[in-house]
Amino acid sequence: MLRRINESLPGLVLGILLYGGIVQLVGMWFVEDKIGYSIGLWYGIAIAIGIGINMAVVIYDAVTFGGEGGANSRVVVKSMFRYIVVVVLFLILGFFEFGNIIAAFIGAMGLKVSAYMQPLLTKLINKLLGRDDAPSDDEILESEAFLEEQSLQEEDF
């Protein structure tokens, strides 16, 4: 289902979960309140996954259903709403103190870490699954250079 929204969304969610697992294992050695740490961390991981899915849906809706002017305003409104929801979720966590708010922030940063690590993770998964059909970085650069050269030649005519 996630792949129907955005081709790279399942990899993003997998990266967030892997990040959460690593931070959970490493962080448990350094905190006294292990339960509060775990609750806060996975609260933040859930927020990161929700943000990622929401961003993919907003982009899909903007591209699919809107014209240029309407799409831009819709993306801005939904982005502001997403940030307000995240702030409210963090305020709820802080007010009721049922988890570590710093760990929740570290968990929410899983979205950023996963986004930056996704190309490497995709390459690793393709290698493990034996997929050689995925283009390498050099092939992508060569194809982009070829297309640019073709467009320059067409402009000369």
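Rules used in this analysis
Residues numbered from 1 in each chain as written. Predicted model: local features only at pLDDT ≥ 70, side-chain atom pairs only at ≥ 80, totals over all residues. Heavy atoms only, no water. Helix = DSSP H or I, 4+ residues; strand = E, 2+ residues; numbered from the N terminus. Expected span 1.5 Å × (residues − 1). Buried < 20%, exposed > 50% of the residue type's maximum accessible area, 1.4 Å probe, protein only. pLDDT = per-residue confidence, 0-100. Contact = heavy atoms within 4.5 Å. Axes fitted to C-alpha atoms, helices over the stretch in contact; angles between N-to-C directions. Parallel < 35°, antiparallel > 145°, perpendicular 65-115°, else oblique. Left-handed = near helix turned anticlockwise from the far one by under 90°. Nonpolar A, V, L, I, M, F, W, Y, C, P; charged D, E, K, R; others polar. Polar contact = N/O pair within 3.5 Å; in protein donor to acceptor, adjacent residues only side chain to side chain. Core = buried A, V, L, I, M, F, W, Y, C linked by side-chain atoms within 4.5 Å.

What follows is about helix H2 (residues 9-27). Along an α-helix, a turn takes 3.6 residues, which lines up residues three or four apart on a common side. Here H2 is 19 residues long and its end C-alpha atoms lie 26 Å apart, about the 27 Å a rise of 1.5 Å per residue gives. Taken together, the buried positions of H2 are occupied by Leu-9, Gly-11, Leu-12, Val-13, Gly-15, Ile-16, Tyr-19, Gly-20, Val-23, Gln-24 and Gly-27.

On to the confidence of the model for the protein. Keep in mind that low pLDDT regions are not for reading the predicted coordinates in detail. Mean pLDDT over the protein: 81, with 76% of residues reaching 70 or higher. The least confident element of the protein, judged by mean pLDDT, is helix H7 (residues 137-156) at 54; the most confident is helix H5 (residues 101-108) at 94. Under a pLDDT of 50 for its full length, residues 153-157 has, in the predicted model, zero contacts with residues more than four places off or in other chains.

This paragraph deals with the packing of H2 against helix H6 (residues 110-129). At their nearest, the axes of H2 and H6 sit 8 Å apart, and the two run at 110° to each other. With respect to their mutual orientation, H2 and H6 come out roughly perpendicular. As H2 packs across H6, the resulting crossing turns out to be right-handed. Residues Gly-11, Leu-12, Leu-14, Gly-15, Ile-16, Leu-18 and Tyr-19 of H2 touch H6, and the partners they reach there are Gly-110, Leu-111, Val-113, Ser-114, Ala-115, Gln-118, Leu-121 and Ile-125. Of the residues that constitute the contact of H2 with H6, the class distribution is ten nonpolar, five polar and no charged.

Time to look at the side chain of Gln-24. By the element assignment, Gln-24 lies in helix H2. A relative accessible area of 14% means that Gln-24 is categorised as buried. Within the structure, Gln-24 has its side chain in polar contact with the side chain of Trp-42 (distance 2.8 Å). Gln-24 has contacts with Tyr-37, Ser-38, Leu-41 and Trp-42, leaving out every residue within four places of it along the chain.

By size, the foremost hydrophobic cluster in this structure holds 22 residues, and its most contacted members are Ile-16, Leu-41, Ile-45, Ile-47, Phe-90 and Leu-111. Counting residues per element, the ones that place at least two in this core are H2, helix H3 (34-65), helix H4 (68-96) and H5. For this core, the leading source of residues is H3, giving nine residues. What Ile-16 contacts, discounting residues up to four positions off in sequence, is Ile-45, Ala-48, Ile-49, Gly-110, Leu-111 and Ser-114.

Taking 1.5 Å of rise per residue, the 20 residues of H6 would be expected to cover 28 Å, yet its terminal C-alpha atoms sit only 25 Å apart, more than 12% below that figure. Looking only at H6, the buried set comprises Gly-110, Leu-111, Ser-114, Gln-118, Leu-121 and Asn-126. Buried residues along H6 sit against H2, H3 and H5. At the exit of H6 stands Gly-130, carrying a positive phi of roughly 75°.

Turning our eyes to something else, we now look at the packing of H2 against H3. The N-to-C vectors of H2 and H3 enclose an angle of 165°; their axes lie 10 Å apart at closest approach. Overall, the two elements H2 and H3 adopt an arrangement that is roughly antiparallel. In the packing of H2 onto H3, the handedness of the crossing is right-handed. Of H3, the residues touching H2 (which contributes Leu-9, Leu-12, Val-13, Ile-16, Leu-17, Tyr-19, Gly-20, Gly-21, Val-23, Gln-24 and Gly-27) are Tyr-37, Ser-38, Leu-41, Trp-42, Ile-45, Ala-48, Ile-49, Gly-52, Ile-53 and Ala-56. When grouped by side-chain class, the residues that make up the contact of H2 with H3 number 15 nonpolar, six polar and no charged.

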